[in-house]
Amino acid sequence: MSEGILAAVLIVAIVVGAACYAIRHLNRTAGRIAVVISALAALVAALVPVVKVLVETPPPASVQVVAPSVPPGSNQAGGAAFEGGTR
């Protein structure tokens, strides 16, 4: 979830920075308007993944119970590893 939001934040930061730089250094008004329109289009496109991540509900966590296994080398009848009952 956080990867999608981080990507969108980086896209927004890069687009805003590039738009500010281009608007500051362009002399013609038509160029500035074109930069503003393309920056707005890129920002709207960057919002699509953010909305998708925020709207998705996480799948319910499945609980799986696992019984402990018998260690190899021990018998299953009583847990004693020796035969005859005495040591």
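Further up the page is the structure itself.
All residue numbers here refer to positions counted from 1 along the written sequence of the relevant chain. Per-residue local features of the predicted model are confined to residues with pLDDT of at least 70, and side-chain atom pairs are confined, for both listing and counting, to 80 or more; whole-chain, interface and lining totals are unaffected and use all residues. Remark: hydrogens and water are excluded; side-chain values derive from all non-hydrogen atoms of the structure.

Draft legend 1. Quick peek at the overall build of the protein chain. Broken down by element type, the protein chain carries 2 helices and 0 strands. Note on classification: 1.4 Å probe, protein chains only; a residue is buried when its accessible area is under 20% of the maximum for its type, exposed when over 50%, partly exposed between these limits. For the protein chain, the residues scored as buried account for 10% of the 87 residues in total. Only the protein chains shown count as covering a residue, and every accessible area follows the Shrake-Rupley method with a 1.4 Å probe. Of the roughly 7,500 Å² of accessible surface on the protein chain, 67% is carried by carbon and sulfur atoms. In this description a helix means any DSSP run of H or I spanning at least four residues, a strand means any run of E spanning at least two, and both kinds are numbered starting from the N terminus.

Draft legend 2. Spotlight on the nonpolar core. Judged by nonpolar contacts, V15, A19, A22, V35 and A39 together constitute the single largest core of 5 residues. Those elements that provide at least two residues to this core are α1 (2-25) and α2 (29-55). Looking at which element gives the most residues to this core, the answer is α1, with 3 residues. Only heavy atoms enter the contact rule, under which two residues are in contact if any of them lie within 4.5 Å. Apart from the residues lying within four places of it in its own chain, the contact partners of V35 are A19, A22, I23 and L26. As used here, the term nonpolar core means buried Ala, Val, Leu, Ile, Met, Phe, Trp, Tyr and Cys residues forming a set that is joined through side-chain atoms within 4.5 Å.

Draft legend 3. Quick look at the environment of L26. With respect to the secondary-structure elements, L26 resides in the loop between α1 and α2. When its relative accessible area of 30% is taken as the criterion, L26 is described as partly exposed. Excluding residues within four positions of it along the chain, L26 makes contact with G31, R32 and V35.

Draft legend 4. Region of the structure containing a nonpolar patch on the surface. Excluding any residue in a salt bridge, patches collect residues exceeding 30% relative accessible area, merging like charges within 9 Å and nonpolar Val, Leu, Ile, Met, Phe, Trp and Tyr side chains within 5 Å. Within this document, salt bridges are pairs made up of a side-chain nitrogen of Lys or Arg and a carboxyl oxygen of Asp or Glu, the two lying within 4 Å of each other. On the surface, L6, L10 and I14 cluster together into a nonpolar patch covering about 320 Å² of accessible area. In this fold, L6 is placed in helix α1. Residue class for L6 comes out exposed when judged on its relative accessible area of 52%.

Limitation: the analysis is restricted to geometry and does not speak to function.
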